[in-house]
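Chain residues, written in single-letter form:
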Amino acid sequence: MTAPVRTRSSADLIRAEEPVLAHNYHPLPVVVARAEGTWVEDVEGRRYLDMLAGYSALNFGHRHPALIEAAHRQLDTLTLTSRAFHNDRLAEFAESLAELTGLDMVLPMNTGAEAVESGIKVARKWAYEVKGVPADRATIVVAAGNFHGRTTTIVSFSTDPEARGGFGPFTPGFRVVPYNDLAALEAAVDETTAAVLIEPIQGEAGVLIPDEGYLRGVREVTRRAGCLFIADEIQSGLGRTGRTLAVEHEDVMPDAVLLGKALGGGIVPVSAVVARREVLSVLRPGEHGSTFGGNPLAAAVGSAVVELLRTGEFQQRAAELGVVLRDGLTALVGRGVLGFRARGLWAGVDIDPAIGTGREISRRLMDRGILVKDTHGSTIRLAPPLTVTAAELRSALGTLGEVLRVGS
Ligand SMILES: *Cc1c(COP(=O)(O)O)cnc(C)c1O
């Protein structure tokens, strides 16, 4: 059998989406049809270096052989049971993830937003049952500029007008304080506080890295106040910053860690709340759940992801190549780059607005075979797969330099 002749061009496929697909995204005009490792290929066979990696959902690159093999093997045996029954992959997944993070128990979910929602529910229940907060009075302290997902409760404590506008009424019970401000955090925490929920590095906000000592301070404030510290590591976790978890840069152990994105190996959505036993023990049968959470395919892929992380090889690559990224960006400061923030293989780069918006720079990079994504205004985010080579990274930075020099 011969392969069917492809009749639809990229332009044709983009046009076809317009009337039938909700316009909640504004993608760059590239239609990806194939991918392997750090590279993707469009419908016309043009190749691009992927410097976004699905917002860190593709930390191990596209179709990592070990992950694809684990998925294939599982597809051939068992894909879904629901949690009405046990499945033979879930114990190993939970054991390995608890061991990787140094925490005790795992609540498997699917998307990142579900992990955040689950973390919020568990924190509230913990506040009522363990801390003794009066019914319906629990508060959760969060940081301005946060991104934790898109559900109605989560956008209730977003400070981004685009994320909130038109979606009220909002869920009460949240207090927003400035990020990277321990005094404000301390002032917001009281006897009603169930948890402080923060990103150890704010990804969507432009890869904002708090001052050294902030995460240790959050740990100290929450310990003193007798509330939980929940770290949303959905984007920062699983190797991206050069450590398994970003909180490790300050040797801090939260009470609960939220994982997603890379946990699914770029194959299926897999997320989890990983926490101390005392925290997740508040859930009893019937009180929370998910039809797909912990399904055997997700558990098999998730276990394979943990297996890749167990050796520390990817964390070390991210740390080492992070130096290449940092050096390359430092050389561009004053040459179109106003400044940047970077940790491991993750950077938010502020482009001189006189040269172009983040969107325009992303478009020019796309035309030269590099895929990135802008965040706010003139900031672009670089987050290549952790499998990227030093040569690929240098080449991408060279292209960024060219784009900034040419100016258009
Ligand atoms: C992406 C992200 C989420 C939401 O994950 P989804 O899978 O898109 O629901 C939550 N928190 C952080 C920090 C994220 O980066």
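Provided above is the structure to which this section pertains.
Being a predicted model, the structure only gives us computed values, none of them experimental.

K.L.:
How should the pairing of strand 3 (residues 47-50) be read in this particular structure?
P.N.:
Moving residue by residue along a regular strand, the side chains alternate between the two faces of the sheet. In this structure, strand 2 (residues 39-42) lies alongside strand 3, joined through three bridges in antiparallel fashion. Each bridged residue has a counterpart across the sheet, and for glutamate 41 the counterpart in strand 3 is arginine 47. Hairpin connection from strand 2 to strand 3: four residues lie between these consecutive antiparallel strands, with glycine 45 at a positive phi of about 90 degrees. As paired elements, strand 3 and strand 13 (residues 370-371) share two bridges and run parallel to each other. Paired with leucine 49 across the strands is isoleucine 370, a residue of strand 13.

K.L.:
What's the story with the site of the ligand in this structure? I'm lost.
P.N.:
All residues in the neighbourhood of the ligand are listed as Thr111, Gly112, Ala113, Phe147, His148, Gly149, Glu199, Asp232, Ile234, Gln235 and Lys261. Separating an oxygen atom of the ligand from a backbone N or O atom of glycine 112 is a distance of 2.8 Å. In this structure, alanine 113 approaches the ligand through a main-chain N or O atom, which is 2.8 Å from an oxygen atom. Relative to its unbound accessible area of 380 Å², the ligand is 80% covered by the protein chains. Its residues assigned to classes, the shell around the ligand comprises three nonpolar, five polar and three charged.

K.L.:
Help me understand the sheet that holds strand 15 (residues 379-382), please; the structure alone is not making it clear to me.
P.N.:
Hydrogen bonds between backbone atoms are what pair the strands of a sheet, whose relative direction is either parallel or antiparallel. A sheet is described by the order of its strands in space; here four strands give the open sequence 11-12-15-14, paired in antiparallel fashion. For this open sheet the edge positions go to strand 11 (337-342) and strand 14 (373-374), each flanked by a neighbour on one side alone. Direction of pairing for strand 11 relative to strand 12 (residues 347-351): antiparallel, over a ladder of five bridges. Each residue of the ladder has a partner; that of arginine 341, found in strand 12, is glycine 348. Helix-sheet contacts for helix 12 (residues 313-332) involve strand 11, strand 12 and strand 15, and the interaxial angle to strand 11 is about 165 degrees. The strands touched by helix 13 (residues 358-367) are strand 12, strand 14 and strand 15; relative to strand 15, the strand with the most contacts, the crossing angle is about 45 degrees.

K.L.:
Would you explain the pattern of salt bridges in this entry?
P.N.:
In a structure, side chains of opposite charge can pair up when their charged atoms sit close to one another. Throughout the structure, instances matching the rule amount to 26 salt bridges. Between lysine 125 and glutamate 287 there is a salt bridge; the shortest N-O distance is 3.0 Å. On the criterion of sequence distance, the pair formed by lysine 125 in helix 5 (residues 112-131) and glutamate 287 in the loop between helix 10 (277-280) and helix 11 (296-310) is long-range, its members being 162 residues apart. The exposure class assigned to glutamate 287 is partly exposed, which follows from its relative accessible area of 32%. In this structure, the salt-bridge partner of arginine 381 is glutamate 204, at a minimum N-O distance of 2.9 Å. Here arginine 381, found in strand 15, pairs with glutamate 204, found in the loop between strand 7 (193-198) and helix 9 (214-225); they are 177 residues apart in sequence, far enough to count as distant.

About the criteria used
Residue numbers here run from 1 along each chain, matching the order of that chain's written sequence. In keeping with the predicted nature of the model, local features appear solely for residues at pLDDT of at least 70, side-chain atom pairs appear and are counted solely at 80 or more, and the whole-chain, interface and lining totals rest on all residues. Side-chain measures here rest on the full set of heavy atoms in the structure, leaving out hydrogens and waters. Only strands joined by at least two bridges in the DSSP assignment are considered to pair. In this text, helices come from DSSP runs of H or I with a minimum length of four residues, and strands from runs of E with a minimum of two, each type numbered from the N-terminal end. Residues are classed as near a molecule or strand on a simple rule: at least one heavy atom within 4 Å of it. Polar contact is defined as a pair of N or O atoms within 3.5 Å, subject to the rule that within protein one atom must be able to donate a hydrogen and the other to accept it, and that residues adjacent in sequence are counted only when both atoms are side-chain atoms. Only the protein chains shown count as cover for residues, and the accessible areas themselves come from Shrake-Rupley with a 1.4 Å probe. Residues were grouped as follows: Ala, Val, Leu, Ile, Met, Phe, Trp, Tyr, Cys and Pro as nonpolar; Asp, Glu, Lys and Arg as charged; and all remaining residues, including Gly, as polar. Only heavy atoms enter the contact rule, under which two residues are in contact if any of them lie within 4.5 Å. For helices, the fitted line uses only the C-alpha atoms of the stretch in contact; every axis is such a line through C-alpha atoms, and the angle between N-to-C directions lies from 0 to 180 degrees. When a carboxyl oxygen of Asp or Glu is within 4 Å of a side-chain nitrogen of Lys or Arg, the pair counts as a salt bridge. Burial classification: accessible surface area is computed with a 1.4 Å probe over protein chains only, and a residue below 20% of its type maximum counts as buried, one above 50% as exposed, and the rest as partly exposed.

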